[in-house]
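Structural characterization, general
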Amino acid sequence: MKFQSLTKKHIQLLKDILSPERVSSGQSNLDLHSIDQSHHPPSRPDAVLWPINAQEVSDILAFASQENIPVTAWGSGSSLEGNPIPVFKGLVLDFTYMNRILQIREKDFQADVEPGVIYQRLNTRLKHTGLFFAPDPGAHATIGGIIANNAGGIRSVRYGSARQNVLQIKVVLANGEQITAGSRSLKTSSGYDLLDLFVGSEGTLGLITEATVRLRGLPERSVAAIVSFPSVKMAAKAVFDIIRSGLEPAALELMDTNCIRLINREDSIGINESPSLFIEFYGVAKAQLEQEMDMVREISRHAGTNGFVSGIGDRDRNALLKARYELGEKIRRSHPGRTHIVLDVAVPISSFPKTVSFAKQESSVTDIPFYIFGHAGSGNLHLVLMGKTDDPTEWAAIDRINESIVEMAIRQGGTATGEHGVGIGKKKFMFTEHGTGLKWMHNIKKLLDPQGILNPGKIFPLSK
Ligand SMILES: Cc1cc2nc3c(=O)[nH]c(=O)nc-3n(C[C@H](O)[C@H](O)[C@H](O)COP(=O)(O)OP(=O)(O)OC[C@H]3O[C@@H](n4cnc5c(N)ncnc54)[C@H](O)[C@@H]3O)c2cc1C
């Protein structure tokens with residue numbers, strides 16, 4: 001791909017479009033926007049811009065397409081596959097200042113927000129309404145980044161990922177044109193689904209400037225349990241049994257012994273040190289929740305549990321959830337001199353036990369520290385491998401492990417990425433997963449962004 005380099009004249013024109021203090025080519029700002037939370041190498045943009053409204057985004061994109069300059073959107077840079085890294089340099093559009101919660105329509109269970117709103121802030125604002133926004137990636141993520149990555153999180157087993165929680169978006173296309181996709185109705189059969197096209201497109205088809213998100217009712221009551229098993233394979237099999245039984249947990253998380261050990265050490269939680277499931281149910285009636293927990297107990301007994309702790313109080317549950325959210329950070333901290341890669345695949349639920357066993361077997365052939373966890377109820381597996389930062393042999397082994405697990409997941413009818421997106425790291429699997437469908441994705445990309453200026457170098461295998 002051939003793009004034009006940014007000149008001093010361009011910078012001056014951009015300062016005229018925005019205002020001088022919202023255009024920066026200072027080294028620290030370029031550094032801050034050169035890397036996300038993944039292992040992918042940094043790449044600095046030529047300038048960072050902070051728009052404050054859709055018209056400015058439109059003016060910037062019209063300018064960039066006229067001058068053939070790449071533009072990469074930036075939420076809070078918490079991606080795990082290099083999604084917002086500006087690999088072809090150019091402009092980064094940081095949505096930090098487009099962070100207004102525009103309207104909360106309690107009666108419709110909806111909120112209109114700008115893309116730079118951090119989802120935890122939205123949920124704090126919603127608390128008094130008894131409603132919440134369900135996608136929950138744990139990191140300090142923006143609504144724009146969550147929609148663009150189709151992010152999920154712990155509660156996706158019950159509420160789905162971003163796609164199931166966004167109704168309408170306003171988008172600026174590569175040429176600066178502004179469109180609305182979707183509707184505020186919960187149902188629609190009206191024409192092609194442009195909304196779904198933009199969700200998960202990682203800022204490669206258009207930039208989101210506003211979203212109407214769906215809100216859910218905060219649960220009246222909840223119950224939680226931690227169930228341990230002698231092996232990760234048995235724990236994964238229990239996940240399948242629980243889902244197959246028709247139970248609908250609000251969270252069903254798997255953590256292997258390494259994860260539990262780390263949580264015990266850092267948070268003094270005192271969980272049985274063997275592979276465990278964290279299970280949570282939401283409901284209205286106490287009796288119904290008790291019945292659901294009894295079923296889980298019975299299923300777990302059949303699956304060979306060696307520890308069942310239910311009736312966990314709010315304090316312990318919050319402590320455990322916090323520990324789970326911080327797991328990635330804890331893993332990184334406990335391996336100085338090593339760099340993490342977070343593998344993310346998803347498979348049909350019946351293939352989950354097999355996939356977990358395979359991931360463990362593949363990772364065990366080296367001495368590289370590894371951790372298996374995941375949003376098990378959605379068939380979503382994560383594996384963190386901690387490679388010695390400057391050891392090419394270890395990284396070659398990590399690449400092999402990564403490839404074999406992703407290819408195995410695809411063979412099971414699964415996907416190369418359950419929630420982190422394609423970014424840079426999963427490009428090489430796109431043809432294996434989509435076959436000739438990939439050509440049609442590329443045709444759509446060319447239609448909406450003929451010059452390829454939007455987040456170039458992502459999703460498509462030959463893009464760098
Ligand atoms: C510790 C940790 C835990 C995590 N856990 C989870 C998890 O459980 N589940 C999960 O799904 N993810 C998880 N993530 C990944 C990450 O938090 C999510 O992918 C999140 O949605 C990224 O949001 P962001 O605001 O940081 O976006 P960024 O990383 O800044 O950007 C993400 C992508 O969206 C594009 N983009 C940003 N804003 C816009 C916009 N307005 N319009 C169009 N495109 C845009 C960017 O170009 C980029 O391609 C985790 C990350 C960390 C660090």
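None of the values given here were measured: they were computed from a predicted structure.

If you check the shell around the ligand, you find 34 residues, and the closest are A73, S78, S79, P137 and T142. One of the backbone N or O atoms of A73 is found 2.7 Å from an oxygen atom in the ligand. Here P137 contributes a backbone N or O atom positioned 2.6 Å from a nitrogen atom of the ligand. Relative to its unbound accessible area of 990 Å², the ligand is 94% covered by the protein chains. Going through the elements one at a time, β3 (71-74), α5 (143-149) and β10 (207-214) are the ones with two or more residues in the shell around the ligand. The leading source of residues in the shell around the ligand is α5, at 5 residues. Of the residues that constitute the shell around the ligand, the class distribution is 14 nonpolar, 18 polar and 2 charged.

Before going further, it helps to spend a moment on the sheet that holds strand β9 (residues 178-182). The strand order across the open sheet formed by 5 strands is β5-β6-β10-β8-β9, and the pairing between neighbours is antiparallel. Strands with a single pairing partner mark the edges of an open sheet, and in this sheet they are β5 (101-105) and β9. The average angle at which neighbouring strand axes cross in this sheet is 15°, direction not considered. Pairing of strand β6 (residues 110-113) with β10, which is carried by 4 bridges, proceeds in the antiparallel orientation. Directly across from A111, in β10, lies its bridge partner V213.

Domain parsing of the protein chain yields domain 1 (8-96), domain 2 (101-217), domain 3 (221-328) and domain 4 (330-427). Distance between the C-alpha centres of domain 2 and domain 3: 29 Å. Of the roughly 850 Å² buried where domain 2 meets domain 3, counting both sides, 56% is carbon and sulfur surface. Of all residues in domain 2, I154, R155 and R158 bury the most surface against domain 3, accounting for 68% of the area lost on that side. Applying the counting rule to domain 2 against domain 3 returns 1 salt bridge. E280 is the salt-bridge partner of R155, the closest N and O atoms lying 2.7 Å from each other. Counting across the interface, domain 2 meets domain 3 through 3 residue pairs in polar contact (both at pLDDT 80 or more).

With that out of the way, let us pick up the packing of aromatic side chains. Taken as a whole and judged by the stated rule, the model has 2 aromatic pairs. Here F3 and F88 contribute two aromatic rings whose centre-to-centre distance is 5.6 Å and whose plane-to-plane angle is 80°, an arrangement assigned as edge-to-face. With F3 in the segment before α1 (8-17) and F88 in the loop between β3 and β4 (91-94), the pair connects residues that are 85 residues apart, well separated along the chain. Taken individually, F3 and F88 each receive the classification buried, so the pair is uniform in this respect. Arranged with centres 5.5 Å apart and planes meeting at 85°, the rings of F132 and Y159 form a pair that is edge-to-face. One end of the pair, F132, is in strand β7 (residues 131-132); the other, Y159, is in helix α6 (residues 156-159), with 27 residues separating them in the sequence. Classification of F132 by relative accessible area gives buried; the value is 10%. Residue Y159 is classed as buried on the basis of its relative accessible area of 8%.

Quick notes on the rules
Residues numbered from 1 in each chain as written. Predicted model: local features only at pLDDT ≥ 70, side-chain atom pairs only at ≥ 80, totals over all residues. Heavy atoms only, no water. Near = heavy atom within 4 Å. Polar contact = N/O pair within 3.5 Å; in protein donor to acceptor, adjacent residues only side chain to side chain. Areas by Shrake-Rupley, 256 points an atom, 1.4 Å probe, with all protein chains shown as cover. Helix = DSSP H or I, 4+ residues; strand = E, 2+ residues; numbered from the N terminus. Nonpolar A, V, L, I, M, F, W, Y, C, P; charged D, E, K, R; others polar. Pairing = 2+ DSSP bridges. Axes fitted to C-alpha atoms, helices over the stretch in contact; angles between N-to-C directions. Domains from an automatic or database assignment. Buried area = accessible area lost by both parts, 1.4 Å probe. Salt bridge = Lys/Arg side-chain N within 4 Å of Asp/Glu carboxyl O. Phe/Tyr/Trp six-rings, centres within 6.5 Å; stacked < 30°, edge-to-face > 60°. Buried < 20%, exposed > 50% of the residue type's maximum accessible area, 1.4 Å probe, protein only.

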